[in-house]
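What the coordinates show
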Amino acid sequence: MGKIAFLFPGQGSQQAGMGKALAESNESVSSFFQKADEVLKENLSTLIFEGPQDKLTLTVNAQPALLTTSIALLEYFRQSGIEPDYTAGHSLGEYSALVAAGAFSFEDGVYAVRKRGELMEKAVPNGEGTMAAVLGLDREKLSAVCEEATAEGTPVQLANLNCPGQIVISGSKQGVESAAAKAKDAGAKRVIPLDVSGPFHSQLMKPAADEFRNVLDGLSIDKARIPVIANVTAAPMQDAGEIKEKLIQQLYSPVLWEDSVSAMIELGVDTFVEIGPGKVISGLVKKINRSVKTFSVYDQESCEAAIAALKEDNQA
């Protein structure tokens, strides 16, 4: 049998009610939602389970909510004894991957992503920065488009290289609008503005990154037990010092998701298990390479189905 990677979703996968049924029926799952409430000194669990969705979607809430739900689901999944060879997460999901790999305690992870969300929201005044998904244009052409728009005084850059033909750009509002128009002229099929509160993974996040260093300085980061594929390099990392630097860089650097998945496949991974709400990440994996196996674990039923299939594979 080939190797297994656990993947964790990022912002955008949050949905009111996520993890609720499993928390009600499983004490160890429920304990993570309780711990998050204690760390943040507020009822995050109520917001996760009941909504409202618009409040849950705010960056400062979505980030700790997703990490909490992902790690609670991971706890349930791990009762099967199945362990990964690698972990990785999309943007915010990298923190879930690091908790899963033992680099952060759960409590420090929740605290870090709440602070990260606050700093990201504060870095650029609302309405001045944005993001858009560009479909059907390769990265070289889109990179040239962004450089052209930036040279005109409106900064914009590649932010999420998700899968072939799907790249998110980020920057100033004018920069993203200018690059969007140029991308269409260059042959992009569609440009979809994203409903986000800021220009994430762009150089405009540098002030947030500088402040975030102070947050990470105050936390205990350990060597990861399992290699984690870093968003900013698409390469494995385990060293505590490297993890810290990569998390700071991640705030203003592109998420190399397509490259990360390809790197794991080259390292022998043939099975990817997405742990967390939704199926966005496993969908991207399939667009990158159709020959690998993917599972999405987002509730009790999907968890048990994935465990049964993986155990059957192991015996085959």
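Coordinates for the structure precede this section.
The paragraphs below set out a description of the structure included in this document. This one's a predicted model, so the numbers in the text were calculated from it and none came from an experiment. (Residues numbered from 1 in each chain as written. Predicted model: local features only at pLDDT ≥ 70, side-chain atom pairs only at ≥ 80, totals over all residues. Heavy atoms only, no water.)

According to the stated counting rule, one finds 5 aromatic pairs in the structure shown. Ring geometry for F33 against F49: centres 4.8 Å apart, planes inclined by 55°, an arrangement best described as tilted. Placement of the pair is F33 in helix α2 (residues 27-40) and F49 in helix α3 (residues 44-50), with a sequence separation of 16 residues. For the pair F33 and F49, one class covers both residues: buried. (Phe/Tyr/Trp six-rings, centres within 6.5 Å; stacked < 30°, edge-to-face > 60°. Helix = DSSP H or I, 4+ residues; strand = E, 2+ residues; numbered from the N terminus. Buried < 20%, exposed > 50% of the residue type's maximum accessible area, 1.4 Å probe, protein only.)

Each disulfide consists of one covalent bond between the sulfur atoms belonging to two cysteines. Evaluated as defined, the whole model comprises 0 disulfides. Of the cysteine sulfurs around C163, a residue in no disulfide, the closest is that of C146, at 17 Å. Using a relative accessible area of 2% as the deciding quantity, one classes C163 as buried. (Disulfide = S-S within 2.5 Å.)

In this section: the pattern of salt bridges. The tally for this structure, following the rule as stated, stands at 14 salt bridges. E83 is the salt-bridge partner of R78, the closest N and O atoms lying 3.1 Å from each other. Looking at E83, the relative accessible area reads 42%, which means it is partly exposed. A salt bridge links E118 to K115; the nearest nitrogen and oxygen atoms lie 3.5 Å apart. Of this pair, E118 and K115 are both found in helix α7 (residues 106-123), 3 residues apart, which corresponds to roughly one turn of the helix. We classify E118 as partly exposed; its relative accessible area is 34%. By sharing partners, the salt bridges in this structure join R139, E258 and D259 into a single network. (Salt bridge = Lys/Arg side-chain N within 4 Å of Asp/Glu carboxyl O.)

Moving on, we get to unusual backbone geometry. In this model, G51 is joined to P52 through a cis peptide bond whose omega is 5°. With respect to the element layout, P52 can be found in the loop between α3 and α4 (53-57). Here S91, not a glycine, exhibits a phi torsion of approximately 55°, which is positive. Position of S91 relative to the elements: it lies in the loop between β2 (86-89) and α6 (93-100). Look at H201: it is not a glycine, yet its phi comes out positive at around 55°. Take H201: its relative accessible area is 3%, and that puts it in the buried class.

Keep in mind these numbers describe shape, not what the thing actually does.
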